[in-house]
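Next come the chains, spelled out residue by residue.
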Amino acid sequence: MPTNSRFPLICRKTYPAYSLGIFYGESPLHSSFSLILLEIIFVILTTWLIRLLLKPFKQPRVISEIIGGIIIGPSVLGRNRKFAEKIFPENATFVVRNIGIMGFMYYLFIAGVKMDLTLLRRSGKNNVYIAFSGVLLPAIAVTVVAFLTRKSMDENMAKISSIGAISSSLAITSFPVLFPILKDLNLLSSEVGRMAMATAIISDVIGINGIIAFEAGKQGEVDGMNALWYLISLVFLMAFFLIAIRRLMIWIVHKTPEGKPVSQGYIVGILLGVMVMGFLTDVFGMAVANGPLWLGLVIPDGPPLGETLVERTETIITEFLMPFSFALVGLYTDVFAMSEFGWANLSPLFALILTGYVSKIIGTFVPSVIFEMPLRDSLTLSLIMSLRGQVELLLYIHWIDKVIIDIPAFTLLVLSTIVITALAGPLINLLYDPTRPYMVNKRRTIQNHPPDTEFRLVLCIHDQESVAGLINLIEVSYPTATSPFSIYALHLIELVGRGIPLLVDYDHEDESSKYIGDDKIHNALTHYSQEREEMQFHAYTAVSPMRSMYQDICELALDHNASFIVLPYHKEYPVNIEGIEILRRGVHSVNLKVLRHAPCSVGVLVDKGTFRNPIAAVGRSMRRHTIHHFVVLFLGGADAREALAYADRMAGNSDISLTVIRFLSPNHEGDNEMEKKLDDGIVTWFWMKNEANERVRYREVVVRNGAETVAAIHAVNDDAYCDLWIVGRNQGINQNLIEGLTDWSEDNELGVIGDYVASIDFGSTASVLVIQQQILRRQGPPKVSLLTKIKCYYNIFFHNFCIST
């Protein structure tokens, strides 16, 4: 080649596409395909291992993934020349880099799908003020510090557009970063979590305008006309998104049959459109991820389109593509290059970073306190809004491409992201307990509910199949004109296809729900309530992750001063198919968390079908044709007393026959003296009230251990047909009565006795209602007032006097 050639000569080792195998003496690392497979395996396993090691430290997932990428890069393993040459040779890393960029593209696309921009008009003024304060203060502070230290900056970083880019990045908290971290911290449905998500969306809108201004500024540095053409192309592209693409997505939603997922062809076309939009934005000189993000924003969130897209792509994106994105970050990160570059050269950037984070916390904390948020909540919100992650990392890579920063500056920015987010996560867990609002001091129990007053309860519904049994339970609980029921029916839906939890109050929302089955459940409850003047239904729908769904239930009960929460059991028993159990996915965990944190008493209904009628016939058919036989198994303790108090409400129903069986130990062995007196008091009260009621029977059984308790329950089951067993869960039970049963019990949700009578092995087709009395947490055992003690002694004395006379 002539020596004056315009193109340099580069010599690189080439690899065959495939290896013949080690038995032919060929190393698999010498074939391009085997090498790529090994890189994929190594990247994914490394990030998984780091995530596993950091899990006990309550670190967000993004931290482990960034550290995993750094380990692969030149800062750790890549520092070894043999490792770098064998596993990540220079002419093979381009694959990792390109897949990494694609991972960022699809991640931001899915984040855009989950974002609900309608939250902007629903956000309160407080959120808007906090968002603007949290963006403007750090942006101004960083800009001021940047101009003060501009003389010591690198030439590229000292440009006006570069300073604007850095200040806006440090000032803005993005939704795609916040959502997965809050999900990891189980704060999505919490009060602070909801406020943070709303504030982040407002911040993102400001950030998108900042990115547009930055890109226009960079285009204009070469030629002013470039900035003009950039803005013109942007206007046409945005018009194309809002007019053509948005209408196409709405058309796809209308073409999809109700209750069905979107056609596979549409999904493939949309995923291909992500690449098309990335290509167009790259052609126009914009950041390559802008197009996919904007495409995601114009797709309707939730079912059917948003939900189908997330369900079918999220696992592939987060588990297979994103590790390459973090590997790309790791390949750029080089702590040795940073140390060689010198602290004096990096100090201006460090000053900007420190100023940005401190002013961000102050800018969020001060207005939060002004709006009378508690100090701990205000500080928690400030720390949440300082979190950094995927979006910032992609911006830093973009800045390298735009020659704003170099590798040492990039490394400093990445390390600051790790430090701030790694410190903020545990501090948020320490400062904010999402269950703290449910720690009420007032007793909200059935037993303490004043007679002849409105009884408020929360009815939790996971699917249409559970509606009939729950309504029947309410029906037999005997609401009357003097003691009406106010029922807050909450339809629970797992959050899929959107990023922000949703709570719909149908008393104030006019729009129809887009979630399948929601309208049918709402209509069924409305139709039923119209037939009963003694009941008033208030319908709600909560869309949230399974991990935080209990927060919606507890919050609704707290806000409306409910005394009772009714949960469907996590197993479903199909009608006319004996011995079959169908698990409701995730419901078991939700029920256990509600039982642990509820601000009132809780009941779990195991509906086996014998307690179930068609919804249209509920009430009328039961009152005219059916006599139900219920059995209360009273083993003592707070939960048993609560169960008996609820059964007393049912005893007033003329279509109910009630049998109460009290289990006692010989000579009161193992009894707690105070619990025993409280049990005697409520049993005496119950019998004195219902002694003249022919439909109520009471008897006592003396048992020595769990085996005799089970035998006595079997005898009851053999003597008469039972429609419903009512039992207390576990508080205060004399352990002698259940000796030998605790090892057998598998389900802590129902307690030992509830688990036994609900099991298929027991052989009963009756439904089961397990009741737990409200637990006043962090206050020790419930204190018994002097008035309660006097009532107990009076009832016991009066009962014994009546027997003797």
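Look a little higher up for the structure.
So, here is what we can say about the structure in this document. (Residues numbered from 1 in each chain as written. Predicted model: local features only at pLDDT ≥ 70, side-chain atom pairs only at ≥ 80, totals over all residues. Heavy atoms only, no water.)

1. What to know about the pattern of salt bridges
Step number 1: As enumerated under the stated definition, the model contains 16 salt bridges in all.
Step number 2: Notably, a salt bridge pairs Arg-61 with Glu-65, separated by 3.0 Å at the nearest N-O pair. Of this pair, Arg-61 and Glu-65 both sit in helix α2 (residues 61–72), separated by four residues, roughly a single helical turn.
Step number 3: As a salt-bridge pair, Arg-662 and Asp-680 come within 2.7 Å of each other at their nearest N and O atoms. Residue Arg-662 is found in strand β10 (residues 656–664), and its partner Asp-680 is found in helix α25 (residues 673–690); the two are separated by 18 residues along the sequence. (Salt bridge = Lys/Arg side-chain N within 4 Å of Asp/Glu carboxyl O. Helix = DSSP H or I, 4+ residues; strand = E, 2+ residues; numbered from the N terminus.)

2. Some points on the packing of helix α4 (residues 93–114) against helix α17 (residues 390–401)
Step number 1: For the pair α4 and α17, interaxial distance at closest approach is 11 Å and the crossing angle is 135 degrees. By the angle class used here, α4 and α17 are oblique. Note on packing geometry: the crossing formed by α4 with α17 is left-handed. Taking contact as the criterion, the partners of Ile-101, Phe-104, Tyr-107 and Leu-108 in α4 are, on α17, Gln-390, Val-391, Leu-393, Leu-394 and Ile-397.
Step number 2: A breakdown of the residues in the contact of α4 with α17 according to their chemical character gives eight nonpolar, one polar and no charged. (Axes fitted to C-alpha atoms, helices over the stretch in contact; angles between N-to-C directions. Parallel < 35°, antiparallel > 145°, perpendicular 65-115°, else oblique. Left-handed = near helix turned anticlockwise from the far one by under 90°. Contact = heavy atoms within 4.5 Å. Nonpolar A, V, L, I, M, F, W, Y, C, P; charged D, E, K, R; others polar.)

3. Examining the pairing of strand β8 (residues 601–606)
Both faces of the sheet carry side chains from a regular strand, because those side chains alternate between them.
Step number 1: Of all six residues making up β8, six are buried, and the element is well covered by its neighbours.
Step number 2: Side chains Ser-601, Gly-603 and Leu-605 of β8 all project onto a buried face; the interleaved residues Val-602, Val-604 and Val-606 project onto the opposite face, where all are buried too.
Step number 3: One ladder, built from five bridges, connects β8 with strand β13 (residues 767–772); its direction is antiparallel. When the bridges of β13 are listed, Gly-603 appears paired with Ile-771. (Buried < 20%, exposed > 50% of the residue type's maximum accessible area, 1.4 Å probe, protein only. Pairing = 2+ DSSP bridges.)

4. Things to note about the packing of aromatic side chains
Step number 1: Enumeration over the complete set of coordinates arrives at 15 aromatic pairs.
Step number 2: For the ring pair Phe-455 and Phe-485, a centre distance of 5.3 Å and an interplane angle of 50 degrees mean the geometry is tilted. Residue Phe-455 is found in strand β1 (residues 455–461), and its partner Phe-485 is found in strand β2 (residues 485–494); the two are separated by 30 residues along the sequence. Accessibility assignment for this pair places Phe-455 and Phe-485 in one class, buried.
Step number 3: Taken together, the aromatic side chains of Tyr-332, Tyr-396, Trp-399 and Phe-410 make up a single cluster linked through ring pairs.
Step number 4: Directly above the ring of Phe-336 sits Arg-79, whose terminal nitrogen or CZ lies 3.9 Å from the centroid. (Phe/Tyr/Trp six-rings, centres within 6.5 Å; stacked < 30°, edge-to-face > 60°. Lys NZ or Arg CZ within 6 Å of the ring centre and 35° of its normal.)

5. Considering helix α11 (residues 264–283)
Step number 1: The end-to-end C-alpha distance of α11, which contains 20 residues, comes to 29 Å, matching closely the 28 Å that a straight helix rising 1.5 Å per residue would cover.
Step number 2: Every buried residue of α11 is accounted for by Ile-267, Ile-270, Gly-273, Val-274, Met-277, Gly-278 and Thr-281. Projected down its long axis, α11 carries its buried residues within an arc of 140 degrees, all on one side. In α11, the exposed positions that point more than 90 degrees away from the buried face belong to Leu-272, Phe-279 and Val-283. (Expected span 1.5 Å × (residues − 1). Arc of directions from axis to C-beta.)

6. Examining the state of the cysteines
Step number 1: Applying the stated criterion to the full structure yields zero disulfides.
Step number 2: Unpaired in terms of disulfides, Cys-600 finds its nearest cysteine sulfur in Cys-554, a separation of 7.7 Å.
Step number 3: What makes Cys-600 buried here is its relative accessible area of 1%. (Disulfide = S-S within 2.5 Å.)

7. Describing the packing of helix α1 (residues 32–54) against helix α13 (residues 305–332)
Step number 1: Look at α1 against α13: their axes get within 9 Å of each other, and the N-to-C directions meet at 90 degrees. Of the possible angle classes, the one that applies to α1 and α13 is roughly perpendicular. Along its contact with α1, which presents Ile-40, Val-43, Ile-44, Thr-47, Trp-48 and Arg-51, the element α13 presents Glu-319, Phe-320, Pro-323, Phe-324 and Ala-327.
Step number 2: When the residues that make up the contact of α1 with α13 are grouped by side-chain class, the tally is eight nonpolar, one polar and two charged.

8. Description of the pairing of β1
Step number 1: Buried residues dominate β1, accounting for six of its seven residues.
Step number 2: Pairing geometry for β1 and β2, over seven bridges, is parallel. Residue pairing across strands places Phe-455 opposite Phe-485, the latter belonging to β2.
Step number 3: Remark: the β1/helix α19 (residues 467–476)/β2 crossover connection has right-handed handedness. (Right-handed = clockwise from strand over helix to strand, strands pointing away.)

These figures capture arrangement, not role.
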